[in-house]
Amino acid sequence: VKLGSPGPVFYLQERVGRNGRNFSMVKFRSMEADAEKTSGPKWAEKNDPRVTAVGKIIRRLHIDEVPQFINVLVGDMSLVGPRPPLPEEVSLYVRKHRRRLSMRPGLTCTWQVSGRNEIPDFDTWAELDLQYIDNWSLTTDFKLMLKTIPAVLGGIGAR
């Protein structure tokens, strides 16, 4: 990360976890330092000029998300569960979407193994999360973790 651009190795982003509790999600930094300050927070576009050369590689290989294991160890996240939303996303939730916050967020989820960024709209994404919540089991978690491996290695829905 340091080879790609000057600045910190880690990037902390405020996310919303279980029961609406905010926490700092840890990632390897893949953009220029202070990228959000220059153009505001947003999802990185496919050819976003703020993404560094090293950042493109670590994003394609999903290495940028490895530090989130720290969030799992401290109890902010789980291995499997709905991905943690940004606070500004939560402010736009309608009532049915708030159930996404009833579980601890996860490193992987149904959305990630079902096409990720190829899923066209938030309602579809949220519905996948709600189905996961309603049908949660250790078996489902295990299957999702196994499906995550080829999804990551194959770059399914990679940014």
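Residues numbered from 1 in each chain as written. Predicted model: local features only at pLDDT ≥ 70, side-chain atom pairs only at ≥ 80, totals over all residues. Heavy atoms only, no water.

A.B. asks: Any chance you could explain the nonpolar core here in plain terms?
C.D. replies: Here is a general trend for soluble globular proteins: nonpolar side chains tend to be buried in one another's company. Counting 8 residues, the largest nonpolar core consists of Val80, Met103, Val113, Leu130, Tyr132, Ile133, Leu144 and Ala151. Elements represented by at least two residues in this core include exactly helix H6 (122-134) and helix H7 (138-153). In terms of residue count, H6 provides more of this core than any other element does, 3 residues in total. Residues Trp111, Ile119, Trp125 and Leu128 belong to the second largest nonpolar core, which totals 5 residues. (Core = buried A, V, L, I, M, F, W, Y, C linked by side-chain atoms within 4.5 Å. Buried < 20%, exposed > 50% of the residue type's maximum accessible area, 1.4 Å probe, protein only. Helix = DSSP H or I, 4+ residues; strand = E, 2+ residues; numbered from the N terminus.)

A.B. asks: What is the right way to look at H7 in this model?
C.D. replies: Think of an α-helix as turning once every 3.6 residues; residues three or four places apart then point the same way. Along its 16 residues, H7 runs 23 Å from first to last C-alpha, staying within 8% of the 22 Å computed at 1.5 Å per residue. Burial in H7 covers these residues: Asp141, Leu144, Thr148 and Ala151. On its buried face, H7 is in contact with strand S3 (78-80), strand S4 (106-108), helix H5 (110-113) and H6. (Expected span 1.5 Å × (residues − 1). Contact = heavy atoms within 4.5 Å.)

A.B. asks: Teacher, can you tell me more about unusual backbone geometry here?
C.D. replies: Positive phi outside glycine occurs at Asn19, with the angle close to 60°. Mapped onto the elements, Asn19 comes out in the loop between strand S1 (10-16) and strand S2 (22-28). Residue Asn19 is classed as exposed on the basis of its relative accessible area, which comes to 65%. Non-glycine residue His62 carries a positive phi angle of around 60°. Looking at the element boundaries, His62 is found in the loop between helix H2 (53-60) and helix H3 (68-73). Residue class for His62 comes out buried when judged on its relative accessible area of 7%.

A.B. asks: Would you mind showing me how to read the side chain of Ser5 here?
C.D. replies: Inspection of the secondary structure puts Ser5 in the segment before S1. Engagement of the side chain of Ser5 in a polar contact is seen with the side chain of Arg29, the distance being 2.7 Å. Setting aside anything within four residues of it in sequence, one finds Ser5 in contact with Arg29, Met31, Glu32 and Thr52. (Polar contact = N/O pair within 3.5 Å; in protein donor to acceptor, adjacent residues only side chain to side chain.)

A.B. asks: Honestly, the packing of aromatic side chains in this entry has me stumped. Any pointers?
C.D. replies: Any pair of aromatic rings gets described here by the distance separating the centres and the angle formed by the planes. According to the stated counting rule, one finds 4 aromatic pairs in the structure shown. Taken together, a centroid distance of 5.4 Å and an interplanar angle of 15° make the contact between Phe10 and Phe28 stacked. Separated by 18 residues along the polypeptide, Phe10 in strand S1 and Phe28 in strand S2 bring together distant segments of the chain. Between Tyr93 and Phe122, the aromatic rings sit 5.6 Å apart at their centres with planes inclined by 25°, giving stacked as the arrangement. Linking Tyr93 in the loop between helix H4 (87-90) and S4 with Phe122 in helix H6, this pair joins segments that are 29 residues apart in sequence. Judged by its relative accessible area of 10%, Tyr93 is buried. For Phe122, a relative accessible area of 28% corresponds to the partly exposed category. (Phe/Tyr/Trp six-rings, centres within 6.5 Å; stacked < 30°, edge-to-face > 60°.)

A.B. asks: Explain the pairing of S1 here, please?
C.D. replies: Residues in a regular strand point their side chains to alternate faces of the sheet. With 7 bridges connecting them, S1 and S2 associate as antiparallel partners. Bridge pairing in S2 places Arg15 opposite Phe23. Joining the antiparallel neighbours S1 and S2 is a turn of 5 residues, in which Asn19 adopts a positive phi near 60°. (Pairing = 2+ DSSP bridges.)

A.B. asks: Would you explain the pattern of salt bridges in this entry?
C.D. replies: A side chain of one charge can pair with a side chain of the opposite charge when the charged atoms of the two come close. Following the criterion strictly, the structure yields 5 salt bridges and no others. Of the charged contacts in the structure, one is a salt bridge between Asp48 and Arg50, with a shortest N-O distance of 2.8 Å. Using a relative accessible area of 5% as the deciding quantity, one classes Asp48 as buried. One salt bridge in this structure joins Asp134 and Arg99, with 2.7 Å as the shortest N-O distance. Separated by 35 residues along the polypeptide, Asp134 in helix H6 and Arg99 in the loop between H4 and S4 bring together distant segments of the chain. Overall, the relative accessible area of 35% leaves Arg99 in the partly exposed class. (Salt bridge = Lys/Arg side-chain N within 4 Å of Asp/Glu carboxyl O.)

None of the figures reported here should be taken as evidence of function without further support.
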